[in-house]
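Each chain, letter by letter, is given below.
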Amino acid sequence: MPGNQADIGVIGMAVMGKNLALNIESHGYTVSVFNRTSAKTKSFVENHEDKNLVPSFKLTDFVNSLKAPRKIIIMIKAGKPVDNILNQLASLLDKGDVIIDGGNANFHDTIRRSANLTKDGIYFLGMGVSGGEQGALHGPSLMPGGQEKAYEMVKPILTKIAAKAHDGTPCVTYVGPNGAGHYVKMIHNGIEYGDEELIDETYNLLRNIVGFNVDQLSKIFAKWNQGELDSYLIKITADILSRKDDLSSDQSVPIVDMILDEGENKGTGRWSSEDAMAIGAPQSLITESVFARFISMMKNQRMHAAQVLPGPEKKDQVKPDKDVVEEACQALYFGKIMSYAQGFVQLEMASKTYKWHLKYGKLAQIWRAGCIIRAKFLQKITDAFAKKPNLQNLLMDSYFAGIAKKYQKSARKIVALATLDGIPVPCLSAAVSYYDSFRAKVLPANLLQAQRDYFGAHTYHRIDRPGTFHYTWYKEE
């Protein structure tokens, strides 16, 4: 095989790596492919003999098959496997070569890896890739972070393979230095957690309080997808609720009813909550969505608790009125706005903490297509930051403030309805609480500061004069 043949290389022949390689090849590039297990590489290339794919079965041959400066995308399991392959590549590459980690890496790892490779003169991009296996094949949303010069080197390829928004704009942009790309993907996934839980709570309420069956709910979500809730997650929810179990003898059983109610996670939502804690970002809704998954995994305990812990008495329950479907729709949109508001506040705080200088409007812009949270209203976020690039909270934009004002009544009614009926709505509740906390002129943190000063002499600030004060809570005997 002649050297310097391929335009770019992909390491990792699992579904995402294979589909990304095919996506790149379909845009006129020759792609070198490598997997630690040679059989996977061989099988992939044999199944696509008509494609411009260059198989390599040794890492040295893979590196030698690439044009200089070499461009390599790694699509392997996050963690130690990435460190292992980077250590091997570092000894084989030349200064000026580019490595792109397209996995779901922790941004702290990306910062460390970037610093280490920079010492060897090797460029490193940590790139968030969203859209799942179909996105990887047909056009994902891409969030590359690292050296800007490295991004410019691979920009022509990334621009071609990225999803295109309704206005034709590629869903890729340079995010910022070192770990910025993976951080933004982490926030994307946190918002995704929040979106999913908000939808799930709404489904649960409409089914178990109002009494809609699954087929009716499928039609409701499909209708919602024609309006302001138009989004990928609403669309697939309508589709999921229309599907019947394919393993049961009774083909009328909804597949959703046969799926165990244990919500798993791969860590990115939890990471976003962990960093929110670290930098002081009020990310309550997304964190509640993580906790909702955690408690769902306590299935055995929940089954036992259901037998011994009573819910509200029937006389305490409130019957929904005929407008409940529209109110649920408005409450869901209200919750969605609070989730995104929290996510972008965290991005703003992280940008200052890590000195990334993020461009928030561009981030909303690249989420308009390709990714899991793609939604019609992301254009509204793009517009908001176009009007005011330093917007500190989406709720300070006229559109989002107007929606919050208009829909808050529905959100409150839905939360009250669920609470009085004993249906958990942690994210919808968090949305209302966040809104009320953010708009509050005075919060009870004054009493909190008094408590802290009382037991720990932590001091407090006054409303009438500057400085730090300590009250004499204990009188000398």
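None of these values were measured; they are calculated from a predicted model.

Calculation criteria
Residues numbered from 1 in each chain as written. Predicted model: local features only at pLDDT ≥ 70, side-chain atom pairs only at ≥ 80, totals over all residues. Heavy atoms only, no water. Helix = DSSP H or I, 4+ residues; strand = E, 2+ residues; numbered from the N terminus. Buried < 20%, exposed > 50% of the residue type's maximum accessible area, 1.4 Å probe, protein only. Contact = heavy atoms within 4.5 Å. Salt bridge = Lys/Arg side-chain N within 4 Å of Asp/Glu carboxyl O. Axes fitted to C-alpha atoms, helices over the stretch in contact; angles between N-to-C directions. Parallel < 35°, antiparallel > 145°, perpendicular 65-115°, else oblique. Left-handed = near helix turned anticlockwise from the far one by under 90°. Nonpolar A, V, L, I, M, F, W, Y, C, P; charged D, E, K, R; others polar. Pairing = 2+ DSSP bridges. Core = buried A, V, L, I, M, F, W, Y, C linked by side-chain atoms within 4.5 Å. Domains from an automatic or database assignment. Polar contact = N/O pair within 3.5 Å; in protein donor to acceptor, adjacent residues only side chain to side chain. Phe/Tyr/Trp six-rings, centres within 6.5 Å; stacked < 30°, edge-to-face > 60°. Lys NZ or Arg CZ within 6 Å of the ring centre and 35° of its normal. Arc of directions from axis to C-beta.

*Asks:* Looking at this structure, how should I read the environment of Asp275?
*Replies:* Among the structural elements, Asp275 can be located in helix H11 (residues 268-279). On the basis of relative accessibility, which here comes to 4%, the residue Asp275 falls in the buried class. Separated by 111 residues in sequence, Asp275 and Lys164 place their C-alpha atoms 31 Å apart. Excluding its chain neighbours within four sequence positions, the residues that come into contact with Asp275 are Phe107, His108, Tyr183, Met186, Gln346 and Tyr354.

*Asks:* How should the pattern of salt bridges be read in this particular structure?
*Replies:* For side chains bearing opposite charge, pairing can occur when the charged atoms are close. Per the stated rule, a full pass over the model turns up 24 salt bridges. The residue Asp167 makes a salt bridge to Arg368 at a minimum N-O spacing of 3.2 Å. Of this pair, Asp167 sits in the loop between helix H7 (148-161) and helix H8 (180-210) while Arg368 sits in the loop between helix H15 (360-366) and helix H16 (378-387); the two residues are 201 residues apart in sequence, bridging distant segments of the chain. Looking at Arg368, the relative accessible area reads 10%, which means it is buried. Overlapping salt bridges, with partners in common, bring together Asp83, Asp101, Asp109, Arg112 and Arg113 in one network.

*Asks:* Explain the packing of helix H12 (residues 284-296) against helix H18 (residues 426-438) here, please?
*Replies:* To describe two helices that pack against each other, one gives the angle between their axes and the distance between the axes. Interaxial distance between H12 and H18 falls to 8 Å at its minimum, and their mutual angle equals 165 degrees. Classified by the angle between their axes, H12 and H18 sit roughly antiparallel to one another. Considering only the axes of H12 and H18, their crossing is right-handed. On H18, the residues touching Ser284, Leu285, Glu288, Ser289 and Ala292 of H12 are Pro426, Cys427, Ala430, Ala431 and Tyr434. Of the residues that constitute the contact of H12 with H18, the class distribution is 7 nonpolar, 2 polar and 1 charged.

*Asks:* Is there a simple way to think about the sheet that holds strand E4 (residues 71-74) in this case?
*Replies:* Sheet strands pair via backbone hydrogen bonds, and the direction of the pair is either parallel or antiparallel. If you walk across this open sheet you meet the 7 strands as E3-E2-E1-E4-E5-E6-E7, and the pairing is mixed. A strand with exactly one partner marks an edge of an open sheet, and here the two such strands are strand E3 (53-55) and strand E7 (141-146). Taken over all neighbouring pairs, the strand axes of this sheet differ in orientation by 25 degrees on average, direction set aside. Note that strand E2 (residues 31-34) and E3 share 3 bridges and pair parallel. If you follow Val33 over to E3, its bridge partner there is Pro55.

*Asks:* Where do I start with unusual backbone geometry in this structure?
*Replies:* Keep in mind that most residues, glycine aside, have a negative phi and that most peptide bonds are trans. With an omega of -10 degrees, the peptide bond running from Ala68 to Pro69 counts as cis. Inspection of the secondary structure puts Pro69 in the loop between helix H3 (59-64) and E4. For His357, which is not glycine, the phi torsion reads 55 degrees and is therefore positive. Its place among the elements puts His357 in the loop between helix H14 (324-354) and H15. Given a relative accessible area of 61%, His357 falls into the exposed group. With a phi close to 70 degrees, Thr459 is a non-glycine residue in the positive phi region.

*Asks:* Explanation requested: the nonpolar core in the structure shown.
*Replies:* One broad trend across soluble globular proteins is that nonpolar side chains are buried collectively. The biggest cluster of nonpolar side chains holds 87 residues, and the ones touching the most others in it are Trp224, Met338, Phe344, Leu347, Trp367, Ile381 and Leu394. The element contributing the most residues to this core is H14, with 15 residues. Looking at which domains feed residues into this core, each of domain 1 (8-174) and domain 2 (186-439) gives three or more. Not counting the four nearest positions on each side in its chain, Leu347 is found in contact with Tyr183, Val184, Ile187, Leu358, Tyr360, Leu363 and Trp367.

*Asks:* Mind showing me how you'd approach the domain arrangement of the chain here?
*Replies:* The accessible area lost on association of the parts is a frequent measure of interface size. In terms of domains, the chain is made up of domain 1 (8-174), domain 2 (186-439) and domain 3 (441-476). Facing the 24 residues of domain 1 at the interface are 18 residues of domain 2. Here domain 1 is connected to domain 2 by 4 residue pairs in polar contact (both at pLDDT 80 or more). Among the elements of the structure, helix H5 (107-119) and E7 are those that each provide at least two residues to the side of domain 1 that touches domain 2. When grouped by side-chain class, the residues that make up the side of domain 1 that touches domain 2 number 11 nonpolar, 11 polar and 2 charged.

*Asks:* Looking at this structure, I do not really get the packing of aromatic side chains. What am I missing?
*Replies:* How two aromatic rings sit relative to each other is given by the distance of their centres and the angle of their planes. Taken as a whole, this structure holds 24 aromatic pairs when the rule is applied. Seen from the ring of Tyr399, Lys380 lies directly overhead, with NZ or CZ sitting 4.7 Å from the centre. Across from the ring centre of Phe469, 5.8 Å away, lies the NZ or CZ of Arg462, which sits over that ring.

*Asks:* Just checking my understanding: could you explain the side chain of Glu327 for this structure?
*Replies:* Structurally, Glu327 can be placed in helix H14. When sequence neighbours within four positions are dropped, the list of residues in contact with Glu327 reads Asp321, Ser410, Lys413 and Ile414.

*Asks:* When you look at H16 in this model, what are you seeing that I'm missing?
*Replies:* Given 3.6 residues per helical turn, the α-helix brings residues three or four places apart onto the same face. Buried within H16 we find Leu378, Ile381, Thr382, Ala384 and Phe385. Along H16, the residues classed as buried sweep out an arc of 160 degrees about the axis, all on the same side. Projecting away from the buried face of H16 at angles above 90 degrees are the exposed residues Ala386 and Lys387. Residues of H16 that are buried in the fold lie against H14, H15 and helix H17 (398-421).

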